[in-house]
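If you want the building blocks of each chain, they are given just below.
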Amino acid sequence: MSGSRKSRRTWALAVTLIGVSPLLVAATSPGPGSNAQSLSTPASVNAVGGAKSNRGGNGHGRWSSKPPKPPKLTTTTTTPTTTTTTTPTTTTTSTTTTTTSTTTTTTPTTTTTTPTTTTTTSTTTTTILTSTCLDGSGPLVTLSGTLSTAYYNQGLPAGTCIDARAVAFLASPTLRYPINLDGGDGCGIVGGAVLGQYDRTWTWDQMHTINNAGIAFNNSAFTIDGLRVDNVEDGIRPQPGTGFTVRNAWLSYVRDDCVENDHVQPGLIDDSLFDGCYVALSERPSPAIAASGWDGRGQLVTVQNSLIRLQPMPGPRNGLPTDLGNGEFFKWSDVATNLELDNNVFMAEQVSQDGADQMGVPSTLVSCSNNVMVWLGNGPYPAPLPACFTVTTDRSVWDAAVANWLARHGFTTP
């Protein structure tokens, strides 16, 4: 179904995941825990298939061994519903009331006028999202509820917008691809949460063998706006297509690649929080993908206004189950895209398991400005960085940037 929608939308991302349905997502990024599952799992879960390419690479690692015990995400479930509609909704919450009173007191000899001002403010932090797919006139699909089944649609009409602001998917070993899409060009998704029910103590190999992702799509010119993903193998997986945009996304505890762009598509990552990646951005095609002719040389991926942290995780690749280790910010190849980095904050706590030389920036960097690297490991930062980076050992730089991002996007910290 198709219809016209309002040209500009204003809504709070807090409403995206909390206000529209009784769903609560903790703002503090989770880490490895001791329980088998940190989120409640429904009584029955339907099996969903998926596909992913093998990825190459190996190396030798250094790890620490005592992970902090993190807070956990929580959800409140509702009866799942799925509807298709073309009626837009607009939510604006922001009120400010100012009251001024003047009191006059008179005595036989003097007259005193004392002004008093009382200001009462009630506001909700909002993020103004412009040019989302909700502004278009293409088909609109609305999802809601807390779901243990996938939204699997391989025939989306061009320009389809998926309004997922009121839905949470409970990803698991039997729901490996909760959002799996293909079809026409220019489609997009707004909001939504993918909350992995995987054991947080599983090793990299265990997660990689299961092979899963928060969202996978083949559509060209696909846009992700405001998606929340936690505790999955790969966060966002563009597959054969041409071009993608990720903005206002919040990813945490991603056990392999926050964005697995192994089909080396051009793309934009803007104003997003990747608070816990094993690898931030992968552009290393498997031999099968490379043999199919996928080549990103001459294309461009831009990462801007974003926060990206490498998180040491249990049982890193080629490590012991008791080790904690991480990969690198950029897992690159000879056929990777050009890269632009502007106004980002990165943070790493230790050297990549693949070695210090993997902690740098790819040679395909073509433009770069105003980036910060927060380094919490021993000694100086382990790899050369271009002049567009400032290195600091002050953890508060990262913490303040995260707090600001959460506030701007409508989330509050406990």
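Residues numbered from 1 in each chain as written. Predicted model: local features only at pLDDT ≥ 70, side-chain atom pairs only at ≥ 80, totals over all residues. Heavy atoms only, no water.

## Examining the nonpolar core
In this structure, Ile-215, Ile-224, Phe-329 and Met-359 are the most contacted members of the largest nonpolar core, which totals 57 residues. With sequence-adjacent residues up to four places away left out, Ile-215 is seen in contact with Ile-179, Ile-189, Phe-222, Ile-224, Leu-227, Gly-235, Ile-236 and Arg-237. Leu-273, Val-374, Leu-406 and Phe-411 belong to the second-largest nonpolar core, a separate cluster that totals twelve residues. (Core = buried A, V, L, I, M, F, W, Y, C linked by side-chain atoms within 4.5 Å. Buried < 20%, exposed > 50% of the residue type's maximum accessible area, 1.4 Å probe, protein only. Contact = heavy atoms within 4.5 Å.)

## A word on the state of the cysteines
Tallying each qualifying case throughout the model produces three disulfides. Each sulfur in the disulfide pair Cys-258 and Cys-277 lies 2.0 Å from the other. An S-S torsion of about -95° defines the bridge between Cys-258 and Cys-277 as left-handed. On the criterion of sequence distance, the pair formed by Cys-258 in strand β17 (residues 250-260) and Cys-277 in strand β19 (residues 273-282) is long-range, its members being 19 residues apart. Given the relative accessible area of 0%, Cys-258 is considered buried. Overall, the relative accessible area of 0% leaves Cys-277 in the buried class. One disulfide bridge connects Cys-368 with Cys-388, the sulfur atoms lying 1.8 Å from each other. Since a negative S-S torsion denotes a left-handed disulfide, the Cys-368-Cys-388 link at about 80° is right-handed. Here Cys-368 is found in strand β27 (residues 365-369), whereas its partner Cys-388 is found in the loop between β28 (371-375) and β29 (389-392), with 20 residues between them in sequence. Given a relative accessible area of 22%, Cys-368 falls into the partly exposed group. (Disulfide = S-S within 2.5 Å. Helix = DSSP H or I, 4+ residues; strand = E, 2+ residues; numbered from the N terminus.)

## Concerning the pattern of salt bridges
Taken as a whole and assessed by the stated rule, the structure comprises 13 salt bridges. Residues Arg-284 and Glu-328 are paired through a salt bridge, measuring 3.9 Å at the closest nitrogen-oxygen approach. Residue Arg-284 is located in the loop between β19 and α3 (287-291), and its partner Glu-328 is located in the loop between β23 (324-325) and β24 (330-331); the two are separated by 44 residues in the primary sequence. In this structure, Arg-284 and Glu-328 share a single accessibility class: buried. (Salt bridge = Lys/Arg side-chain N within 4 Å of Asp/Glu carboxyl O.)

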